[in-house]
Amino acid sequence: MLFLVVGTTPGHAFIFLLLAGAGSESGPPPPPVLRELPSLNGNVPVNPGELPAPFLENLNSRDMPRLDEVQTAQVSNEELLRRLEKLEEENRRLRADQQTSGNAPRQGLPGSKLPMQVTSGWWVHLHNWNKDGKLNSPQALKTYRYPVQPFHAATGFREVNWAGDWDELYIFRHEGWLRVTEAGTYQLGAELTCGFNHPCHFSVRVDGVEIAQLRRENVTNQLIYGSRHLEPGDYRIELVWSIAQNSFIKYNPGIVTMTPRIRTERDMNFRDFAPDELLVPDRRDVPLGPPLQWISW
């Protein structure tokens, strides 16, 4: 075995030649020296100058999404974007329709029962009162035009008398024409409250046909309605209601309230009538009704 020392650092040169010589004469070289390097999963022995490979359990970790999960998320995102685009397109169409209807004069549909000139709201007819709530005569004592809004049983009344009490009692008949532009099932009625000692009658009619009624009951915020399939056109809607008695502990018509409601196939819940879907003929002989005075004792 030949030893050769070169340079001024014989210790290192000697170790190098000794190992090389040992390898050439004594068979296979000794196994590489291993050292401990820190890793994410503890101390893993690796060769000097090398990095530890990831463990298989890291690849199956819950923190890493599976391929099927990634594909599902991509499909869900694409579906969400498609729905958002569809909603945006529908919003643009509705805004365009509103601008068109707002600029155009309101007129009756071809073949409509309404005249050419119409306006938004209800005609409110005040009829002679009776305990059964029946209209004994089509002739009203008074008729006013009111906008789409909630009502109470003092609608159209004159001012209270000198004693501060109300002394009028009527049957109310709200009349308007529902403008239907899309065929479907329409639910029509009202949210009714008949307070203590003030039971009431209520009915809903479409073109003279009754589709819902309430007879002499006390209710609180109860929705009374009926359904009917309607094709495009104008339909006469009547809401007839009244207090069912004329003797009271204290007469307070303000606690009897009626709020007209509608729900179409597009609506999730009942809502108020829109100004452009509930119309009456624009007649100068029908005055605008006096302001509603909400009273309570």
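What counts, and at which threshold
- Residues numbered from 1 in each chain as written.
- Predicted model: local features only at pLDDT ≥ 70, side-chain atom pairs only at ≥ 80, totals over all residues.
- Heavy atoms only, no water.
- Helix = DSSP H or I, 4+ residues; strand = E, 2+ residues; numbered from the N terminus.
- Buried < 20%, exposed > 50% of the residue type's maximum accessible area, 1.4 Å probe, protein only.
- Contact = heavy atoms within 4.5 Å.
- Areas by Shrake-Rupley, 256 points an atom, 1.4 Å probe, with all protein chains shown as cover.
- Pairing = 2+ DSSP bridges.
- Salt bridge = Lys/Arg side-chain N within 4 Å of Asp/Glu carboxyl O.
- Phe/Tyr/Trp six-rings, centres within 6.5 Å; stacked < 30°, edge-to-face > 60°.
- Core = buried A, V, L, I, M, F, W, Y, C linked by side-chain atoms within 4.5 Å.
- pLDDT = per-residue confidence, 0-100.
- Polar contact = N/O pair within 3.5 Å; in protein donor to acceptor, adjacent residues only side chain to side chain.

Turning to the overall build of the protein chain, a few remarks are in order. Each helix and strand in the protein chain was counted, giving 3 helices and 14 strands. Counting all 297 residues of the protein chain, 34% fall into the buried class. Once local pairs closer than 6 in sequence are excluded, the contacts in the protein chain between residues at least 24 apart make up 70%. Taken as a whole, the protein chain presents about 19100 Å² of accessible surface, with 55% of it coming from carbon and sulfur.

What follows deals with the sheet that holds strand S11 (residues 222–230). Pairing in this open sheet of 4 strands is antiparallel, and the strands run S6-S13-S8-S11 from one edge to the other. The open sheet terminates on both sides in strands that have one partner only, identified here as strand S6 (151–152) and S11. Pairing of strand S8 (residues 184–194) with strand S13 (residues 256–263) involves 8 bridges; the strand directions are antiparallel. Note that in S13 the partner of Cys194 across the bridge is Val256.

Here the focus is the pattern of salt bridges. Counting across every chain of the model gives 12 salt bridges. In this structure, the salt-bridge partner of Arg261 is Asp272, at a minimum N-O distance of 2.6 Å. Taken as a pair, Arg261 in strand S13 and Asp272 in the loop between S13 and strand S14 (278–281) lie far apart in primary sequence, 11 residues in all. Residue Asp272 is classed as partly exposed on the basis of its relative accessible area, which comes to 43%.

Moving on, we get to unusual backbone geometry. Non-glycine residue Asn197 carries a positive phi angle of around 65 degrees. Looking at the element boundaries, Asn197 is found in the loop between S8 and strand S9 (200–206). At Asp207, a position not held by glycine, the phi torsion is positive, near 50 degrees.

Taken as a whole, this structure holds 9 aromatic pairs when the rule is applied. Where Trp122 meets Phe273, the ring centres are 5.7 Å apart and the plane angle is 80 degrees; that geometry is what we call edge-to-face. Taken together, the positions of Trp122 in strand S4 (residues 122–128) and Phe273 in the loop between S13 and S14 put the pair 151 residues apart, joining distant regions of the chain. Per residue, the accessibility class of Trp122 equals that of Phe273, and both read buried. In textbook terms, an aromatic cluster arises when at least three aromatic residues are bridged by ring pairs, as seen for Phe157, Tyr170, Phe172 and Trp241.

With respect to the secondary-structure elements, Ser242 resides in strand S12 (residues 233–243). Non-local contacts of Ser242, meaning those with residues more than four positions away in its chain, are made with Trp129, Gly133, Tyr170, Ile171, Pro199, Cys200 and His201.

With 40 residues, the main nonpolar core has Leu178 and Phe202 as its most contacted residues. Aside from chain neighbours lying at most four places away, what touches Leu178 is Tyr186, Leu188, Leu230, Gly233, Asp234, Tyr235, Ile237, Ile262, Phe273, Glu277 and Leu278. The next biggest cluster of nonpolar side chains, apart from the first, holds 7 residues, and it includes Leu114, Val118, Trp123 and Trp177.

Averaged over all residues, the pLDDT of the protein chain equals 77, while 64% of them reach at least 70. Taken as a whole, residues 55–59 scores under 50 in pLDDT and shows 6 contacts with residues more than four places along the chain or in a different chain. Under a pLDDT of 50 for its full length, residues 100–111 has, in the predicted model, 19 contacts with residues more than four places off or in other chains.

Okay, the pairing of strand S10 (residues 209–217) next. Both S9 and S10 contribute to a ladder of 6 bridges, which runs antiparallel. Bridge pairing links Val206 to Val209 in S10. Counted along the chain from S9 to the antiparallel partner S10, the turn is 2 residues long, and its residue Asp207 has a positive phi close to 50 degrees.

Bringing the environment of Arg228 into the picture now. Its location among the elements puts Arg228 in strand S11. Of the residues examined, Arg228 reaches a relative accessible area of 28% and is grouped as partly exposed. Along the backbone, Arg228 and Tyr186 are 42 residues apart, and their C-alpha atoms lie at a distance of 5.5 Å. In contact with Arg228, other than residues within four places in its own chain, are Gly184, Thr185, Tyr186, Val206, Asp207 and Val209. Polar side-chain contacts of Arg228 include one of 2.9 Å to the backbone oxygen of Val206.

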